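Summary of the model geometry
For reference, the chains in residue letters:
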Amino acid sequence: MSRFDKTRIAIRKNETLWKGWSHFRRVVFDYIRPDDSKVELEWEVFDRGEAVAILLYEPVRRVVVMVRQFRIPVYLMGDAPFMLEVPAGSMEHGEDPQDTVCREVLEETGYRIGPPRHVFTAYPSPGAVTEKVHFYFARIDASQKVADGGGLADEHEDLEVTELALADALAMIADGRICDAKTIMLLQWAALNPDVLSA
């Protein structure tokens, strides 16, 4: 039993600071310990809802299909902003995560996949962001490539579809050329589960 099992949270204020594509809010709450001592805390929270990410693997050539795209936060940090990432996207309200991931794969890479395998769910940055990501895996072959991919023009997406040997992608984590968290998580899952890749 954890000492946190009897800790309570009482929300005192939950206000929107800004709302657009995402939602930024300030939450004031009482943090009440098991001995009933309490402290009032204030936290800024960035709401992103739920999202999906998927590792696409072609077992014959042992390659992963990824996308390269521009990320303004990375640019503002002074790092190379055109990042290699696994296909991913935000879920629409009420949308099933499996439907979301199949849609995102088609839009971003041009592959039409069958039902993918759910491998885990995680909060990439729980200290400040609500985003909950559902991670998937799917094997693919050339027959499933039905479109060019590259993202949606009406959403001003500009994605480059890229194939990499799995071994090279793993090496790129070590040298910093792949530094996107969701991508690293899925690539390391693949490294830990070689039997699943070609099963």
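To keep things clear, this report deals only with the structure shown in the data block. Please read all numbers here as calculations on a predicted model, not as lab measurements. (Residues numbered from 1 in each chain as written. Predicted model: local features only at pLDDT ≥ 70, side-chain atom pairs only at ≥ 80, totals over all residues. Heavy atoms only, no water.)

So, on to the packing of aromatic side chains. Applying the stated rule across the entire model yields 5 aromatic pairs. With 6.1 Å between their ring centres and 55° between their planes, phenylalanine 70 and tyrosine 75 make a pair best called tilted. Three or more aromatic residues joined by ring pairs form one cluster here, namely Phe70, Tyr75 and Phe82. (Phe/Tyr/Trp six-rings, centres within 6.5 Å; stacked < 30°, edge-to-face > 60°.)

What follows deals with the pattern of salt bridges. Here the idea is simple: oppositely charged side chains can pair when their charged atoms come close. Applying the stated rule across the entire model yields 18 salt bridges. The salt bridge partner of aspartate 30 is arginine 12, with a shortest N-O separation of 3.3 Å. Note that aspartate 30 is positioned in strand β2 (residues 23-32) and arginine 12 in strand β1 (residues 8-19), a separation of 18 residues in sequence. With a relative accessible area of 7%, aspartate 30 lands in the buried category. The class for arginine 12 is exposed, based on a relative accessible area of 51%. Residue glutamate 85 is joined to lysine 182 by a salt bridge in which the shortest nitrogen-to-oxygen separation is 2.8 Å. Of the two residues, glutamate 85 sits in strand β6 (residues 82-85) while lysine 182 sits in helix α4 (residues 181-192), which places them 97 residues apart along the sequence. The residues glutamate 85 and lysine 182 share a single accessibility class, namely buried. (Salt bridge = Lys/Arg side-chain N within 4 Å of Asp/Glu carboxyl O. Helix = DSSP H or I, 4+ residues; strand = E, 2+ residues; numbered from the N terminus. Buried < 20%, exposed > 50% of the residue type's maximum accessible area, 1.4 Å probe, protein only.)

We now examine the nonpolar core. By size, the foremost hydrophobic cluster in this structure holds 27 residues, and its most contacted members are Leu55, Val64, Phe137, Leu164, Ile178 and Leu187. For this core, the secondary-structure elements that each account for two or more residues are β4 (50-58), β5 (63-70), β8 (117-122), β9 (132-139), α3 (166-174), α4 and α5 (194-197). Residue contributions to this core peak at 5 residues, all from α4. Every residue in contact with valine 64, bar those within four places of it in the chain, is listed here: Leu55, Leu56, Tyr57, Thr162, Glu163, Leu164, Leu166, Ala169 and Leu187. Grouped together as the second largest cluster of nonpolar side chains are 12 residues, Met91, Tyr136, Ala138 and Ile140 included. (Core = buried A, V, L, I, M, F, W, Y, C linked by side-chain atoms within 4.5 Å. Contact = heavy atoms within 4.5 Å.)

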